[in-house]
Every structure is written in structure tokens, then in C-alpha cells.
Amino acid sequence: MPELPEVETVCRSLAPRIEGRRIERFLVRNGSLRWPIDPQLPARLAGATLGTLHRRAKYILIESDAGRLLIHLGMSGSLRVLRSPEPPGKHDHYDLELDDGSVVRFNDPRRFGSLTWIAPDRESHPLLDGLGIEPLDSGFDGGWLYRATRGRRTAIKLFLMDARRIAGIGNIYANEALFHSGIHPRTAATRVGHGRCEKLVTAVKSTLARALEAGGSSLRDFVDTTGACGHFQLEYRVYGRDGEECTRCGGSVRVIRQGQRSTFYCPGCQR
DNA sequence: CTTTTGACCTGACAGC
DNA sequence: TGCTGTCAGGTCAAAA
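### Quick word on the nonpolar core
Now for step 1: With 31 residues, the main nonpolar core has Phe26, Leu45, Ile60, Leu69, Leu79 and Tyr94 as its most contacted residues.
Now for step 2: Considering every element that reaches this core, the biggest residue donor is helix 1 (residues 4-18), with six residues.
Now for step 3: Listed in part, the 28 residues of the second largest apolar core include Ile133, Ile156, Ile169 and Tyr236.

Here you go:
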């Protein structure tokens, strides 16, 4: 579930509920996530006051006077804010109990998510170092993409998804953006010229922005309730539509494998 | 350095 | 019904 727009939505929804709140108790039920949760973490953060939230790629950063929390939702993670107590489920791995009685609860069946900590005296974190440009930043433009792809023979779709180049474009958005820009996902990155770089950047930005709108609207109370997805999936042109009719040319959407992930595209529209 | 592959996990679903 | 295999929104680490 957590794509970049969804992580952004979670941040926006979470921020007003937790900024300025104090952590009364930090309860870890199962610390074996992608990386084990530091056993010292609950003690270090008990009593801390939470500050501003930020998103970097698909990471959620939460400032506090005892250091920063770095949260990743992985493939199946979600965060909810509970207003009244509720018995924890099988995959509810940790709770942040806040001073207003609410509980921030992390659920993640596959446990690909993570919770790490950046000490107050540390500038950054190894997981954040080396992340590429944010796709919604103004610096990410056609010229940037053109320069960055010169000499790169990897497929353009894999390039889009390489976090050390561009941070936060997931499988869905790579597929959708390539469809909207008419580029075949297997095209060598270095063979995408000026014009198509411009087009691709525009497609990436508009697809993400559109999904943020869609996610934002139906995810407004995401952290309060069920963790249901937004409705951007209703706008998928190729993702998950293997064998279905292309909405643009009427041809058949195809699926191939790239980097052990499924790539969906329209052979008629994408060259 | 770049590119590819394996690994981490559970759950849902298709096919037998 | 139950078994087996495949796939899933991510991404790091190791191998090639």
C-alpha cells in the first residue's frame, strides 16, 4: 500500500495528531522488522516530546527532543491513531502511547517495514545518505533526467525506480508514468532523448500529484480508521491490467519481468 | 564503478 | 478441503 503519495498522506494526517505530543510509553510487541528495533529505543524515547514530521522518499521522519524517529512502511505497513483502547492484532508490532491518551499503532504483516532512530547528535542516517533526488522537487526536471541518464544502459524503468538516483518512485508509478509518456519500459536510459526526458518528468510529477489528490481525498482519516487505500487505483492505465484493453489504442496491455518486478505496458502506445 | 540476484516475511489466490 | 506454487505497493547487501 505505501507508495510515495500514500506515505505523504500518512505524514499529513499524522502530523496534527502527534506534533507537540509527549510519548508516555513506547511499547514494542515484536521488534523483528526489516531491522530489529533497538531494544534501547523505548527507554530513550519515553517522555520525549514529538516535533515536526517530514517525508523523505518513502521514509517518515519524526523530530523529537530525544532524537529523530525514522519509519518505513515497507510493503504492507500502516500507522493508525487510536482514540480509544483496542486489543492489539497479530501484526500490531509497536505502539506509541501519547499524553492525550491516543495511541499510534504500527501494523505490518510482512514485516518489511522498519523503525530506526537518529540520535540528537547525529546529522543523518545511513538509510538516508545516498538517496537520490525527490521526484516532486523542482530540481527534478527534463534537463536533470537527461544528464543523469547519459551513459546509463539500464532500462529506463529500472532507472526510475533506483532510489540512489530518484528516491520514491515505486512500481505502480514507474509503470504509469512510462505509459503516459509513451516510452517502452525496456528502453535503455541513455537512449531517452531531451524531448522524451521532459515528457517523462512531466508524467512522473503529474501521476504522483494526481495520486496524492486521490489518496488524500479518500485517505483523509486513514490513520483514524481502517488503513484503507485511496482510490487512485481506479485511474490505473496499465498497472495490473495484463491482457486488458489499452484505454488509448484498444490494444492489449502486456506484462513482462524487470528486476524481479512486474512491468505492465502497452506495446502499441509505448515505443 | 554498474548491474543483477537473493534475501527478508505473511497472506491471498489459482490450480490440482 | 488441503496442498503447492506464485505473486504482492520495498530496498538493502552481496555477487557478478
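### Some thoughts on the protein's contact with DNA strand C
Now for step 1: In the region of DNA strand C, 22 residues are neighbours, and Glu3, Lys58, His72, Tyr239 and Ser262 sit closest.
Now for step 2: Lys58 is positioned such that a nitrogen or oxygen atom in its side chain is 2.5 Å from a phosphate oxygen of DNA strand C.
Now for step 3: Separating a phosphate oxygen of DNA strand C from a side-chain N or O atom of Ser262 is a distance of 2.4 Å.
Now for step 4: Contributions of two or more residues to the surface near DNA strand C are made by helix 5 (171-181) and strand 10 (261-265).
Now for step 5: Of the residues in the surface near DNA strand C, the class split is nine nonpolar, five polar and eight charged.

### A look at unusual backbone geometry
Now for step 1: In this structure, Arg111 is a non-glycine residue whose phi angle is positive, near 60°.
Now for step 2: On the secondary structure map, Arg111 appears in the loop between strand 7 (103-107) and strand 8 (114-118).
Now for step 3: Its relative accessible area of 34% is what places Arg111 among the partly exposed residues.

### Comments concerning the packing of aromatic side chains
Pairs of aromatic rings are described using the distance from one ring centre to the other and the angle between the two planes.
Now for step 1: Here the structure, examined in full by the defined rule, presents five aromatic pairs.
Now for step 2: Taken together, the ring pairs in this structure connect Phe26, Tyr94 and Phe106 into an aromatic cluster.
Now for step 3: The ring of Tyr146 carries Arg150 above its face, with NZ or CZ at 4.0 Å from the centroid.

### Quick look at the sheet that holds strand 1 (residues 23-28)
Now for step 1: Strand order in this open sheet of four strands is 1-6-7-5, and the pairing throughout is antiparallel. One side of each edge strand has no neighbouring strand; the edge strands of this open sheet are strand 1 and strand 5 (78-82). Geometrically, the sheet is characterised by an average inter-axis angle of 15° between neighbouring strands, direction not taken into account.
Now for step 2: Across five bridges, the pairing between strand 6 (residues 92-98) and strand 7 is antiparallel. Among the inter-strand pairings, Asp95 is bridged to a residue of strand 7, identified as Arg105.
Now for step 3: Against the sheet, helix 1 makes contact with strand 5, strand 6 and strand 7, and its axis sits at roughly 30° relative to strand 5, the strand it touches most.

### Overview of the sheet that holds strand 4 (residues 68-72)
Now for step 1: The strand order across the open sheet built from four strands is 2-3-4-8, with neighbouring strands paired in antiparallel fashion. This sheet does not close on itself; its edge strands, each paired only once, are strand 2 (50-56) and strand 8. Mean inter-strand twist for the sheet, computed between neighbouring axes without regard to direction, equals 20°.
Now for step 2: For strand 4 and strand 8, the ladder comprises five bridges, and the chain directions are antiparallel. Within strand 8, the position partnered with His72 by the bridge is Ser114.
Now for step 3: Against the sheet, helix 1 touches strand 2 and strand 3 (59-64), its axis set at about 170° to strand 2.

### Re the environment of Ile256
Now for step 1: The residue Ile256 is located in strand 9 (residues 254-258) in this model.
Now for step 2: Between the C-alpha atoms of Ile256 and Glu123, which are 133 residues apart in sequence, the distance is 41 Å.
Now for step 3: Here Ile256 is in contact with Arg186, Arg261, Ser262, Thr263 and Tyr265, once residues within four sequence places are set aside.

### What about the state of the cysteines?
Now for step 1: Inspection of the entire model under this criterion finds zero disulfides.
Now for step 2: The cysteine Cys249 is free of any disulfide, with Cys266 supplying the nearest cysteine sulfur at 3.5 Å.

### A short note on the protein's contact with DNA strand B
Now for step 1: In the vicinity of DNA strand B, the contacting residues are Lys90, His91, Pro109, Arg110, Arg111, Phe112, Arg152, Arg153, Thr154, Arg165 and Gln260.
Now for step 2: Arg111 places a side-chain nitrogen or oxygen 2.9 Å from a sugar or linking oxygen of DNA strand B.
Now for step 3: At 3.2 Å, a side-chain N or O of Arg165 approaches a phosphate oxygen of DNA strand B.
Now for step 4: Within the surface near DNA strand B, the residues separate by chemical class into two nonpolar, three polar and six charged.

Parameters at a glance
- Residues numbered from 1 in each chain as written.
- Chains lettered and ligands numbered in written order.
- Predicted model: local features only at pLDDT ≥ 70, side-chain atom pairs only at ≥ 80, totals over all residues.
- Heavy atoms only, no water.
- Core = buried A, V, L, I, M, F, W, Y, C linked by side-chain atoms within 4.5 Å.
- Buried < 20%, exposed > 50% of the residue type's maximum accessible area, 1.4 Å probe, protein only.
- Helix = DSSP H or I, 4+ residues; strand = E, 2+ residues; numbered from the N terminus.
- Near = heavy atom within 4 Å.
- Polar contact = N/O pair within 3.5 Å; in protein donor to acceptor, adjacent residues only side chain to side chain.
- Nonpolar A, V, L, I, M, F, W, Y, C, P; charged D, E, K, R; others polar.
- Phe/Tyr/Trp six-rings, centres within 6.5 Å; stacked < 30°, edge-to-face > 60°.
- Lys NZ or Arg CZ within 6 Å of the ring centre and 35° of its normal.
- Pairing = 2+ DSSP bridges.
- Axes fitted to C-alpha atoms, helices over the stretch in contact; angles between N-to-C directions.
- Contact = heavy atoms within 4.5 Å.
- Disulfide = S-S within 2.5 Å.

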